[in-house]
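These are the residues of each chain, in order.
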Amino acid sequence: MTANPAGRRPRLRSAATPWLFATPAIVLFTLFLIIPIGYAIYLSFRGFRIDGGGAFGRRVQTFVGFDNYLAALTDPEYVAGLGRVLLYGLFSIPSVLGLALLFALLLDTPRVRARGFTRTAIFLPYAVPGVIASLLWGFLYLPSTSPLNYLAKQLHAGPLDFFSFPTLYFSLANIALWSGVGFNMIIIFTSLRAIPTSIYEAARIDGASELQIAWRIKIPLVAPALVLTGLFSVIGTLQLYSEPATLRPMSTTISSTWVPLMKIYQEAFMNDNLGGAAAASVVLALGILVLSMLLLRFFQRRTFGDNA
Amino acid sequence: MTPPSPRPPRPGRRWTMAAALAVALTATVAACSSADTPSSGTPGTSGTEAAKGPVTLQVWTWNLKGNDPRAKAIIDKYHQENPNVTIKLSEVGGTADTASKLLAADQAGDTPDVAQVEYRGLPALVVAGVVKDITADVAALKSGIEPNIWALTTFNNQVYGVPQDIGPMMFTYRKDLFDKYGAKVPTTWAEYAKAAEQIHKKDPEAYIASFSAAQLEFFAAQAAQAGAQWWSNDGKAWKVGIDSEPSLKTADFWEDLVKRDLVKVEPLLTPEWNAQVNDGKLLSWAAAAWAPNVIHSVAPDTAGKWESAPLPQWTAGDPAVPFLGGSAFLVPAKSKHAKEAAAFAAWLGASDEGSKLQLSLDIYPGGNAGRQATLSHEPPKLMPQQKDFYQVADQVIKNTTIPVTWGPNVNVSQTAFGDALNKAALNKTSFREVYKATQQAVVADLQKSGYTVTK
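Each value, and the rule that gives it
Note that residues are indexed from 1 along each chain, following the sequence as it is written. Going through the entries in the order they are written, you letter the chains from A and number the ligands from 1. Per-residue local features are limited, in this predicted model, to residues with pLDDT of at least 70; the limit for side-chain atom pairs, both in listing and counting, is 80 or more; totals at the level of whole chains, interfaces and linings are taken over all residues. Computation of side-chain values: all heavy atoms of the structure, hydrogens and water removed. For helices the rule is a DSSP run of H or I covering at least 4 residues; for strands it is a run of E covering at least 2, with both sets numbered from the N terminus onward. Radius of gyration: over C-alpha atoms. The globule rule applied is 2.2 Å multiplied by the number of residues raised to the 0.38 power. For every residue, the accessible area obtained with a 1.4 Å probe (protein chains only) is divided by the maximum for its type, and the residue is called buried under 20%, exposed over 50%, and partly exposed between those limits. In what follows, residue pairs with any heavy atoms lying within 4.5 Å of each other are defined as contacts. Calculation of accessible area relied on Shrake-Rupley with a 1.4 Å probe; when residues are assessed, cover is drawn exclusively from the protein chains displayed. In this count, Lys and Arg are taken as positive residues and Asp and Glu as negative ones, while His and the chain termini are left out. For the purpose of locating charges, the reference atoms are NZ of Lys, CZ of Arg, CG of Asp and CD of Glu. Pairing between strands is defined by DSSP: at least two bridges between them are needed. Axis lines are fitted to C-alpha atoms, over the contacting stretch for helices. Their N-to-C directions set the angle, which ranges from 0 to 180 degrees. Here the word oblique covers every angle except those under 35 degrees (roughly parallel), over 145 (roughly antiparallel) and from 65 to 115 (roughly perpendicular). Left-handed describes a crossing in which the near helix is turned anticlockwise from the far one by less than a right angle; the clockwise case is right-handed. For this classification, the nonpolar set comprises Ala, Val, Leu, Ile, Met, Phe, Trp, Tyr, Cys and Pro, the charged set comprises Asp, Glu, Lys and Arg, and every other residue, Gly included, is treated as polar. Surface patches are defined over residues having more than 30% relative accessible area and no salt bridge, joining like charges when they lie within 9 Å and nonpolar side chains (Val, Leu, Ile, Met, Phe, Trp, Tyr) when within 5 Å. For this analysis, a salt bridge means a side-chain nitrogen from Lys or Arg found within 4 Å of a carboxyl oxygen belonging to Asp or Glu.

A short note on the overall build of chain A
Right, so step 1: When you go through chain A residue by residue, the secondary structure sums to 13 helices and two strands.
Right, so step 2: In terms of overall size, chain A is more extended than a compact globule, its C-alpha atoms giving a radius of gyration of 25 Å where 308 residues would be expected to give roughly 19 Å.
Right, so step 3: The burial tally for chain A puts 40% of its 308 residues in the buried class.
Right, so step 4: Partitioning the intrachain contacts of chain A with sequence separation of at least 6 by distance along the chain shows that 63% fall at a separation of at least 24.
Right, so step 5: Here chain A has roughly 17,400 Å² of accessible surface; of this, 70% comes from carbon and sulfur atoms.
Right, so step 6: For chain A, the separation between the mean place of its 23 positive charges and that of its 13 negative charges on side chains is 9 Å.

Structural notes on the environment of Ala136(B)
Right, so step 1: Mapped onto the fold, Ala136(B) is located in helix H5 (residues 135-138).
Right, so step 2: Sequence-wise, Ala136(B) and Gln222(B) are 86 residues apart; in three dimensions their C-alpha atoms are separated by 35 Å.

Some remarks on the pairing of strand E13 (residues 323-330) of chain B
All names here are of chain B.
Right, so step 1: Most of E13 is tucked away: eight of the eight residues are buried.
Right, so step 2: Bridging between strand E3 (residues 114-118) and E13 involves four bridges; their strand directions are antiparallel. Note on E13: the bridge partner recorded for Gln116 is Phe329.
Right, so step 3: For strand E6 (residues 162-174) and E13, the ladder comprises five bridges, and the chain directions are antiparallel.

Side note on the packing of helix H7 (residues 167-193) of chain A against helix H10 (residues 223-238) of chain A
All names here are of chain A.
Right, so step 1: Closest axis-to-axis distance for the H7/H10 pair is 9 Å, and the angle between their directions is 165°. Relative to H10, the element H7 lies roughly antiparallel. Relative to H10, H7 is oriented so that their crossing is right-handed. Contacts from Phe183, Asn184, Ile187, Ile188 and Ser191 in H7 reach Ala225, Leu226, Leu228, Thr229, Phe232 and Ser233 in H10.
Right, so step 2: Across the contact of H7 with H10, the residue classes tally to seven nonpolar, four polar and no charged.

Section: a nonpolar patch on the surface
Residue and element names in this part refer to chain A.
Right, so step 1: On the surface, Phe29, Leu33, Ile34, Ile35, Ile37 and Ile41 cluster together to form a nonpolar patch covering roughly 530 Å² of accessible area.
Right, so step 2: With respect to the helices and strands, Ile34 occurs in helix H1 (residues 8-43).
Right, so step 3: Taking relative accessible area as the criterion, Ile34 reaches 44% and is therefore assigned partly exposed.

Okay, structure coming up:
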């Protein structure tokens, strides 16, 4: 800040004003984000060790250095879990974003009917909580309760197994698809509506078809929205939890440490190893941060080009 | 804080609102931090500040459900006899959920006064220091429960819980379908395999039972029946016997059944399992005396078609089995009314009156009086025609001579074992390797925590 002795008093006040406005946000942010993160980092260096000998010696929390980090990074299950979410992302992200973009473009065509109803209908599954959706799909997937399987049986097609590899990945992606498409479509659609119509008029005068307009004008112009939704999807994928965790008790193919977050939950609340869970969370968070920054940097250069 | 801006009305109002919000938030923080100060004082000793005035006991249990009139009748009875005590029931989930919530509650210094856990979950909580030693509190009612049942909650001669219900192991099966398919009710596991073959041959869609890898306790009981001890200790060091030869033999048995597709690899009590039990495609469940009530809750229409028999054996004629399932009431170390809590737990589990009342909840009481009362009790709703159900169960308990010790890290083995066994069952790979890997994981975890493990 440049010094200006004459205007010090008013300047100071105007400098303080934004801070005061931000106070509630800062207080909430500190209370519910900074402090818990700090505590998690503290916990990640702690572990339970036995105090006193004997078969029933008491466990006490002590400082264990980088033991927990070492355990997390060398745990084959944790690493395998990361591999599974990446494989899952390979299926789910393109299909969610592809469908979201398709629906947004269709809704944005000039002669579309019942736009409000359709938009709501596509968005509505987003309102169904992930756990409930997973339970419902669980019933639809299990051979004895599934109507799909009943139909297959009538057609003399063998019992469908939705939980075997690699179908399992599609079964899981399908659950997320319903809510993901609605949410992402709204973001892309909003971005489409912000494009000035004069551009389309110019294109039409030049003889462009709707398809060409969509392909050559709309998609390039909503690219920033696509990057944003893509980034959200990547983060959401790495944090995959409720779908596999809800389906786990129904299947034999989903292990209790199937994705990183399930592993973390397992450590924290089943194995009573808060330190290990905290360390694994920190590793996951750092991984997500680095990946998002790399993705953002990569796409920023391409989509925002000169403006960046 | 800086005084409000002199600028006129609207910003000023926002100012005060922001300030008010900030104050409100600080107040909340203060409230949060003050909430845990009283209890952080002297954990564990609070039970000594005795019964003056009325006491409210928070009880975490799934046996007594708050909205169940039968449970309410029991609580009303206790209130009548102890006018200064009020019992508040809540159900927080099964053993795993209760254990994790209890650990969190202990850290927050705000525990319930009584909590129910299955026997296998107790040692982990004891070594975590969240369970109170109630040896002295229950001494007066000690004779109400047999010593082999007290052994389930006693470690190093200290009592850490009052046994409530027990699970004498039994084989519950569809009598009608066993007869229809000409399968003999197995008395040995070899006969079990034969019956499995017979059933699956007669109806390719039907199986003698499901194979649920998540049921660690069942496989531990299988090994115990064969003479292995998964966990044992001499007071100083732990010994882990998951990969001992008798234990591995039981692994071979199940591997064979799974490979020959004679048991259905799938978890228990899923919508799928329930549907198949209802359809008569899963014909039995080797579990304990509590199994009929569980089956009745998911397949009430099949009542009258089931019967229970003693569990099959590895050696013909050997009647011994361990307990499977069942649960105890413990008193958390930080309970503020530990004395009253222990008194309530002991009344319900060990007193004549309490253990008899448990029978009204359709659970198998661990107390002597309750066990005696079962003999003149109606059979479970699933098998109203099997008049000797409780006589059979009573005989099983008399033969229940295999003590099972649970280690302080059962939870660690539970998931490692279940996941690996599921994988082996699906990929048709060696079950022995699963047992050996679990052994290694359990030993490594014990050693990491600092326990001595002997070979």
